[in-house]
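# Structure assessment
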Amino acid sequence: NKSRDKRVIVELKNNKQFVGKLNAFDIHINVVLEDAEERADGETKRKLGTIFLRGDMIVMISTE
């Protein structure tokens, strides 16, 4: 809850990284990010807006 409305980095099992403002999450660690962007090698690949990430795909969540 302390990270809500803050920028976070989410890493998935397929080695993709997404950075965005944590909007919501649930008990399954499903996550909604706003102003999200996909990153590769520390550089932004594409801007995505609001996205939903399934908790079973998430490996790590960290504050930016």
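Before reading further, recall that the structure is shown in the block above.
Here's a quick rundown of the structure. All values derive from a computational prediction rather than experimental measurement. (Residues numbered from 1 in each chain as written. Predicted model: local features only at pLDDT ≥ 70, side-chain atom pairs only at ≥ 80, totals over all residues. Heavy atoms only, no water.)

## Things to note about the sheet that holds strand E2 (residues 17-25)
If you trace the five strands from one edge of the open sheet to the other, you get E4-E3-E2-E1-E5, paired in antiparallel fashion. Single-partner strands in this sheet number two, and they are strand E4 (43-53) and strand E5 (58-63). Averaged over all adjacent pairs, the angle separating strand axes in this sheet is 30°, with direction ignored. One ladder, built from five bridges, connects strand E1 (residues 7-12) with E5; its direction is antiparallel. Residue Val 8 lies in a different strand from E5, and its bridge partner there is Thr 63. (Pairing = 2+ DSSP bridges. Helix = DSSP H or I, 4+ residues; strand = E, 2+ residues; numbered from the N terminus. Axes fitted to C-alpha atoms, helices over the stretch in contact; angles between N-to-C directions.)

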